[in-house]
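Listed below are the residues making up each chain.
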Amino acid sequence: MLEEVERWLADRSWSAADRPLDQLLDRKRAAGTTVSVVLPALDEEATVGEIVEVIRRELIEGLPVPLVDELVVVDSGSADRTAEVAAKAGARVVHRDEILPRVPALPGKGEVLWRSLLATGGDIVCFVDADLRDFSGAFVSGIVGPLLTDPEVQFVKAMYDRPLGGAPGQGGRVTELVARPLLNLHWPQLAGFVQPLGGEYAVRRSLLERLPFPVGYGVELGLLVDALHTVGLDALAQVDVGVRVHRHQDGQALGRMAAAIYRTAQVRLSRGHLVRPELTQFERGPEGFVPRTYPVDTEERPPMTGIKEYALRRVA
């Protein structure tokens, strides 16, 4: 590991308990900083309501000043009751297609996160996946904390244990098999991040609006790499928030995720193009293995500062 990364680990890795909530509220009130929390959601009726309720109970209601000023669920076309459950729990629900309607929406998590910048107004934007179980408000306060207390910090990732099937530390298979090797080999300054693909991170809007967003699964790696090149390692940090319990995907879904992440890395390494941006996987059918070919996410959205609707909103 680079000496620079060892120093960074000592200086820029914290625990959520290092910054008590009352300290954060004092800093937030003094600076007048606003915080938006965004939950990208697709068919998450089983979990999204509890997450919204915990954030409202622990970080909004009954406090001298709310830590979270805006709680938004961006629904990307759920076939279940996700939107209804989220609204009932107290979130503002916006459908992906209602944001920037002149630009046809593409499928993918990164697309939702990119559009959420137009649906929110906070100085700090905090992303939280909507499939988390046993959720704690520390997932939000922990990663927002350094942005409220240290003006040099611009991008904070959550770090946590990821159990799989009751076994500790066995989750995050794409991280260990794809993302971590890529980062260590090509961006060794980012080798200190425990959960580089984690969906829980908080970023200053002033940085987010300057970054391109891969529309699919590559968004987390893409934002992290581009943030490093834009503001440098010392502006990045991570906070330990405990244990992350969520719905795990099957192996083939993870394969498609891995392909998108590799593609995102490739674009950043060479700005080239894949000859064949597709991934073929095999499923056993009644007569043997059947090939299934899926497109690999290759689209990216430009920095939000180049979108006229965003610029007009800021002027207004």
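Above this text sits the structure in question.
The structure reproduced in this document is the subject of the present report. Remember, predicted model here, so these are calculated numbers, not experimental data. (Residues numbered from 1 in each chain as written. Predicted model: local features only at pLDDT ≥ 70, side-chain atom pairs only at ≥ 80, totals over all residues. Heavy atoms only, no water.)

## Side note on the pairing of strand β7 (residues 155-161)
The buried fraction of β7 is high, at 6 of 7 residues. Both β7 and strand β8 (residues 201-204) contribute to a ladder of 3 bridges, which runs antiparallel. Paired with V156 across the strands is A202, a residue of β8. Two strands pair when backbone bridges link them, and β7 and strand β10 (residues 236-243) are joined in this way by 6 bridges, in the parallel orientation. Of the residues in β10, the one forming a bridge with F155 is L236. (Buried < 20%, exposed > 50% of the residue type's maximum accessible area, 1.4 Å probe, protein only. Helix = DSSP H or I, 4+ residues; strand = E, 2+ residues; numbered from the N terminus. Pairing = 2+ DSSP bridges.)

## What to know about the nonpolar core
Ranked by internal contacts, the top residues of the largest apolar core, which has 49 residues, are F155, V174, L190, F213, L221, L236 and I261. The element best represented in this core is helix α9 (residues 219-231), accounting for 7 residues. Grouped together as the second largest cluster of nonpolar side chains are 44 residues, L67, A130, V140 and Y160 included. (Core = buried A, V, L, I, M, F, W, Y, C linked by side-chain atoms within 4.5 Å.)

## Comments concerning unusual backbone geometry
Phi angles above zero are rare outside glycine, and D43 is one such case at about 55°. Within the secondary structure layout, D43 lies in the loop between β2 (35-41) and α3 (48-59). Even without a glycine there, the phi angle at D134 is positive, about 50°. Inspection of the secondary structure assignment puts D134 in the loop between β6 (132-133) and α6 (138-149).

## Regarding the side chain of R268
With respect to the element layout, R268 can be found in helix α10 (residues 251-270). Not counting the four nearest positions on each side in its chain, R268 is found in contact with W187, P212, P214, G222, V225, D226 and E300. (Contact = heavy atoms within 4.5 Å.)

## A look at the pairing of β2
Consecutive side chains of a regular strand alternate in pointing toward one face of the sheet and then the other. Within β2, 7 of the 7 residues are buried, which leaves it mostly tucked inside the rest of the structure. Side chains of β2 alternate between two faces, with V35, V37, L39 and A41 and S36, V38 and P40 buried alike. Bridging between β2 and strand β5 (residues 124-127) involves 4 bridges; their strand directions are parallel. Considered in β5, the bridge of V38 is made with F127. Judged from the 6 bridges that link them, β2 and strand β3 (residues 70-75) form a sheet pairing that is parallel. In the strand pairing of β3, V37 is matched with L71. Following the chain from β2 across α3 to the adjacent parallel β3, one finds a crossover that is right-handed. (Right-handed = clockwise from strand over helix to strand, strands pointing away.)

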